[in-house]
Amino acid sequence: MNPTPFDGRRRSRRAPRPPRRRPIVLALLAALVFAASGIAHGAANSDGRFQRRESLHFALDQNVGFDEYSGVRGSRQFEQNVLRELEGAYDRLDALLGLRPGRKLVVTVWAPDLFDERFAGLFRFPAAGFYGGSIQIRGGQRLDEALVRVLHHELVHAALDAAAPNLVLPAWLNEGLAEWFEARSVGKRSLSGGERALLERVARAGGLASLAELSRPSFGGLPAQTASLAYLEAYAFIDFLAGREGERGLAELCGAILQSRSIERGLRRVHRQDLAQLEQAFRRSLGAP
């Protein structure tokens, strides 16, 4: 799920959707993707090929074919574990980013082979999940760390969409927040030494993308290596902001942006600087010329 170097993980990504928020892929592909996933989901439900279980804040649709992958008992235990993890993530999302969706969120878990078959070609890198009106997840035999990270990542996209469905957010913010929250789900509190060293090398060589370049609606149409670096840089910038005002500052920033419907006004309210000034400080922190 990360670019440069591509680490082989199946990346959780936000599916492309037209103008509104960026999650992953060009607008054209986005519209196509969202429509395709919606039609597929509805048809599957009408044919009884999905089974639904609900918790307080989530409706989990599990592809019946998943039983063939993990066994009926295994699939039941798996879905219970997923719902338990999602409810915990919901509480952490409120505590860390001040986001608390007011509606029940739909999560669809697919048998791995069916997920790969149905969504192949949507991204230019392997995907473990994406958001496109609902959270779509590539299932596994157990709730491992990789899946925990995917669930947390996609939950951020879903929560931002629920909070402001018509607000278009740049990819660096949408993905950066999702990457940051994903990292926190496994106890990672900042960039690793390897991640920082990579970004510093790229920065010194003049290879960092500008935030303007990372403001496309999605990273989904990028080649794997390019996308990996874009996700890392977006995460690093959010981590940089968290380091300036503390983690509570991120919750304040999310609230300020959603309330004012302006990234510039939100940044000025919380950080007392505009985006250009903050970007310049971020690049300097990585040794960019």
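Here, every reference points to the structure presented above.
Throughout what follows, the structure given in this document is the object of discussion. Remember, predicted model here, so these are calculated numbers, not experimental data. (Residues numbered from 1 in each chain as written. Predicted model: local features only at pLDDT ≥ 70, side-chain atom pairs only at ≥ 80, totals over all residues. Heavy atoms only, no water.)

Things to note about the overall build of the protein chain
Line of reasoning, step 1. Of regular secondary structure, the protein chain possesses 11 helices and 6 strands.
Line of reasoning, step 2. Relative to its full complement of 289 residues, the protein chain shows a buried share of 56%.
Line of reasoning, step 3. When contacts within the protein chain are restricted to residue pairs at least 6 apart in sequence, those whose partners lie at least 24 apart make up 72%.
Line of reasoning, step 4. Within the structure as shown, the protein chain displays about 11,800 Å² of accessible surface, and the carbon and sulfur contribution to it stands at 52%. (Helix = DSSP H or I, 4+ residues; strand = E, 2+ residues; numbered from the N terminus. Buried < 20%, exposed > 50% of the residue type's maximum accessible area, 1.4 Å probe, protein only. Contact = heavy atoms within 4.5 Å. Areas by Shrake-Rupley, 256 points an atom, 1.4 Å probe, with all protein chains shown as cover.)

Re the side chain of serine 55
Line of reasoning, step 1. Mapped onto the secondary structure, serine 55 falls in the loop between strand E2 (50–54) and strand E3 (58–63).
Line of reasoning, step 2. On the basis of relative accessibility, which here comes to 18%, the residue serine 55 falls in the buried class.
Line of reasoning, step 3. Separated by 2.6 Å, the side chains of serine 55 and glutamate 87 make a polar contact. (Polar contact = N/O pair within 3.5 Å; in protein donor to acceptor, adjacent residues only side chain to side chain.)

A few points about the pattern of salt bridges
Line of reasoning, step 1. Per the counting criterion, the structure on display carries 13 salt bridges.
Line of reasoning, step 2. Between aspartate 61 and arginine 52 there is a salt bridge, with its nearest N and O atoms 2.7 Å apart.
Line of reasoning, step 3. Glutamate 54 is the partner of lysine 104 in a salt bridge, and the nearest nitrogen-oxygen pair spans 2.9 Å. With lysine 104 in the loop between helix H3 (72–97) and strand E4 (105–110) and glutamate 54 in strand E2, the pair connects residues that are 50 residues apart, well separated along the chain.
Line of reasoning, step 4. Residue classification places lysine 104 among the partly exposed residues on the basis of a relative accessible area of 36%.
Line of reasoning, step 5. Classification of glutamate 54 by relative accessible area gives partly exposed; the value is 49%.
Line of reasoning, step 6. Beyond isolated ion pairs, a larger network of salt bridges with shared partners links Arg184, Arg189 and Glu247. (Salt bridge = Lys/Arg side-chain N within 4 Å of Asp/Glu carboxyl O.)

Brief notes about the nonpolar core
Line of reasoning, step 1. Within the largest apolar cluster, 86 residues are counted, with the highest numbers of intra-cluster contacts made by Leu97, Trp172, Trp180, Phe237 and Leu241.
Line of reasoning, step 2. It is helix H8 (residues 224–245) that provides the largest number of residues to this core, a total of 14 residues.
Line of reasoning, step 3. For tryptophan 172, the contacting residues outside a window of four places in its chain are Leu211, Leu214, Ser215, Phe219, Ala234, Phe237, Ile238, Ile263 and Leu275. (Core = buried A, V, L, I, M, F, W, Y, C linked by side-chain atoms within 4.5 Å.)

So, the packing of helix H7 (residues 193–204) against H8
Line of reasoning, step 1. Taken N-terminus to C-terminus, the directions of H7 and H8 make an angle of 105°; their axes are 11 Å apart at the nearest point. Of the possible angle classes, the one that applies to H7 and H8 is roughly perpendicular. Within the contact between the two elements, H7 uses Glu195, Leu198, Leu199 and Val202 and H8 uses Leu229, Leu232, Glu233, Tyr235 and Ala236. (Axes fitted to C-alpha atoms, helices over the stretch in contact; angles between N-to-C directions. Parallel < 35°, antiparallel > 145°, perpendicular 65-115°, else oblique.)

Quick look at H8
Line of reasoning, step 1. For H8, which comprises 22 residues, the first-to-last C-alpha distance of 32 Å matches the rise-based estimate of 32 Å (1.5 Å per residue) to within 8%.
Line of reasoning, step 2. Of all the 22 residues making up H8, 17 are buried; the element is thus mostly covered by neighbouring parts of the structure.
Line of reasoning, step 3. Glycine 246, located one to two residues past H8, shows a positive phi value of around 85°. (Expected span 1.5 Å × (residues − 1).)

Comments concerning empty space enclosed by the protein
Line of reasoning, step 1. By the definition in use, this model includes 2 cavities of 30 Å³ or more.
Line of reasoning, step 2. Roughly 40 Å³ of volume is contained in the second largest cavity.
Line of reasoning, step 3. In terms of lining residues, the second largest cavity is bounded by Leu160, Leu169, Leu173, Leu177, Cys254, Ile257 and Leu258.
Line of reasoning, step 4. Going through the elements one at a time, helix H6 (171–185) and helix H9 (247–260) are the ones with two or more residues in the lining of the second largest cavity.
Line of reasoning, step 5. In terms of residue count, H9 provides more of the lining of the second largest cavity than any other element does, 3 residues in total.
Line of reasoning, step 6. Of the residues that constitute the lining of the second largest cavity, the class distribution is 7 nonpolar, no polar and no charged. (1 Å grid on protein atoms, 1.4 Å probe; cavity = no way out; pocket = protein on both sides within 12 Å on 5 of 7 lines; lining within 4 Å. Points joined across faces, edges and corners; volume = space filled by probe spheres on them. Nonpolar A, V, L, I, M, F, W, Y, C, P; charged D, E, K, R; others polar.)

Quick word on the pairing of strand E5 (residues 127–131)
Line of reasoning, step 1. Taking burial as the measure, the 5 residues of E5 include 5 buried ones, the bulk of the element.
Line of reasoning, step 2. One ladder, built from 3 bridges, connects E5 with strand E6 (residues 135–138); its direction is antiparallel. From the neighbouring strand, tyrosine 131 faces E6, where its bridge partner is isoleucine 135.
Line of reasoning, step 3. The antiparallel pairing of E5 with E6 creates a hairpin that spans 3 residues between the two strands, and glycine 133 there sits at a positive phi of about 95°. (Pairing = 2+ DSSP bridges.)

Here's the deal with unusual backbone geometry
Line of reasoning, step 1. For arginine 261, which is not glycine, the phi torsion reads 60° and is therefore positive.
Line of reasoning, step 2. Examined against the element boundaries, arginine 261 turns out to sit in the loop between H9 and helix H10 (263–271).
Line of reasoning, step 3. Of note, arginine 272 is a non-glycine position whose phi angle comes to about 60°, a positive value.
Line of reasoning, step 4. By secondary structure assignment, the location of arginine 272 is in the loop between H10 and helix H11 (275–285).

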